[in-house]
Amino acid sequence: MTRGIAVAALTWTSLAWAQAPSDDDAAELIGKGREKALAYAQSLPDFVATEIILRYTGPPGTSFHRPPFDSLTIQLRYLQHKEEHKLIQYNGKPAAAAFEELHGLTGSGEFGATISAIFDPRSQTSFHFQKRITVRQHPAARFAFEVDVAHSRYNMASNVSGRTAAALVSYHGILDIDAGTGEVLHLEYVADHIPKELRLRHAATAVDYTLADIGGRPYLLPSYSEMELHGWDEWVK
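Thresholds applied
- The residue numbering used here restarts from 1 in each chain and proceeds along that chain's sequence as written.
- Predicted model: local features are reported for residues with pLDDT of at least 70 only, side-chain atom pairs are reported and counted for 80 or more only, and whole-chain, interface and lining totals are derived from all residues.
- Excluding hydrogens and water, the side-chain values take into account all heavy atoms of the structure.
- Cavities and pockets are defined on a 1 Å grid built over the protein atoms alone: a cavity is a set of grid points where a 1.4 Å probe fits but cannot escape, while a pocket is an open set with protein on both sides within 12 Å along at least five of seven lines, and lining residues are those with an atom within 4 Å of any such point.
- Grid points are joined across faces, edges and corners, and a volume is the space filled by probe spheres set on the points.
- Elements are defined by DSSP. Helices are runs of H or I of four residues or more, strands are runs of E of two residues or more, and each kind is numbered from the N terminus.
- Note on residue categories: nonpolar means Ala, Val, Leu, Ile, Met, Phe, Trp, Tyr, Cys or Pro, charged means Asp, Glu, Lys or Arg, and polar means any other residue, Gly included.
- Salt-bridge detection follows one rule: a side-chain nitrogen of Lys or Arg within 4 Å of a carboxyl oxygen of Asp or Glu.

Caption draft 1: The arrangement of the layout of surface pockets in detail. One number sums up the size of the second largest pocket: a volume of about 320 Å³. Around the second largest pocket, the lining is made up of 20 residues, and of these K36, Y40, S43, E183 and L220 lie nearest the centre. Sorting the residues of the lining of the second largest pocket by element identifies α1 (23–43), α2 (113–119), β13 (200–214) and β14 (217–231) as the ones contributing at least two each. For the lining of the second largest pocket, the leading source of residues is α1, giving 7 residues. Residues belonging to the lining of the second largest pocket are distributed by class as follows: 11 nonpolar, 5 polar and 4 charged.

Structural data, given as C-alpha cells:
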C-alpha cells in the first residue's frame, strides 16, 4: 500500500560529516528527537487533507510491478489531535462503503502515534547511531532502534477464514533525524517474531515526513508511506 501525502546545538560541520558523533552528541540528538516526538501530535492544528491510497496484491514472491488492484481517495480530518478517515472515492467513483467497511490493507498512526511510541521512555527503546546522511537537503543522522515485546505497543491483527487473531510484537527499524531540529524525517520499522496464528511472515512500514503549509505556517506532516505484508498465501502492499 502506498500513500502520497541551519544546524544548532550539535556542531556537525561538513569537515566532520563522515565521522561518527560522540556518545554525548548522539544522546543529545536522541533527546531532542524525543522532545519533538512526544509533543508532535499536540502541536498539530486541526486540518483537512486528501489522501490517495493505492493497494497491490499478488502471490508470494511478487514484485508488485503491476497496476494496483484498487485505489482509494480518503478525506483525512485531523481534529482535536485525532485522525478521522472518510472514503470519498473508490477506483475514481463515488464510494458506497465507509472507510471502516473496507476489506484488505489500510493503515493509520502516521501522525505521530508510532513515533511517539518509539520515543516514549516506557518503551525502553534501544537506539544505535548508524551514519550521517542528507535527507531532502537536511543534514541528518540515521539511528537504528529496537523495541522488545515486553515493552511494545505494536499490536498486529489479521483475519483469516473469518477468524481474527491479534498479538503484540517486538519490532526494529531506522529513524532519520534532522541534525538541527531533532525532527524525524524518515521512519522504517519491521515486525519481529510474528506469531504463527497471524499467518504473516513479514510486516514492514516506511514513512516520509516533509514540511507542509497549514494556515500560513509550516508543519511537519507525513507525505508518503508504504506498508507491505507477506502472508502465507498472498502478499499485499
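Caption draft 2: Structural view of the pattern of salt bridges. Considering all chains together, one arrives at 7 salt bridges under this definition. One salt bridge in this structure joins R122 and D120, with 2.7 Å as the shortest N-O distance. Where D176 meets R142, a salt bridge forms, and the shortest distance between an N and an O atom there is 2.7 Å. Here R142 lies in strand β8 (residues 138–147) and D176 lies in strand β11 (residues 170–178), a separation of 34 residues in the sequence. A single salt-bridge network, built from bridges that share partners, covers D120, R122 and R153.

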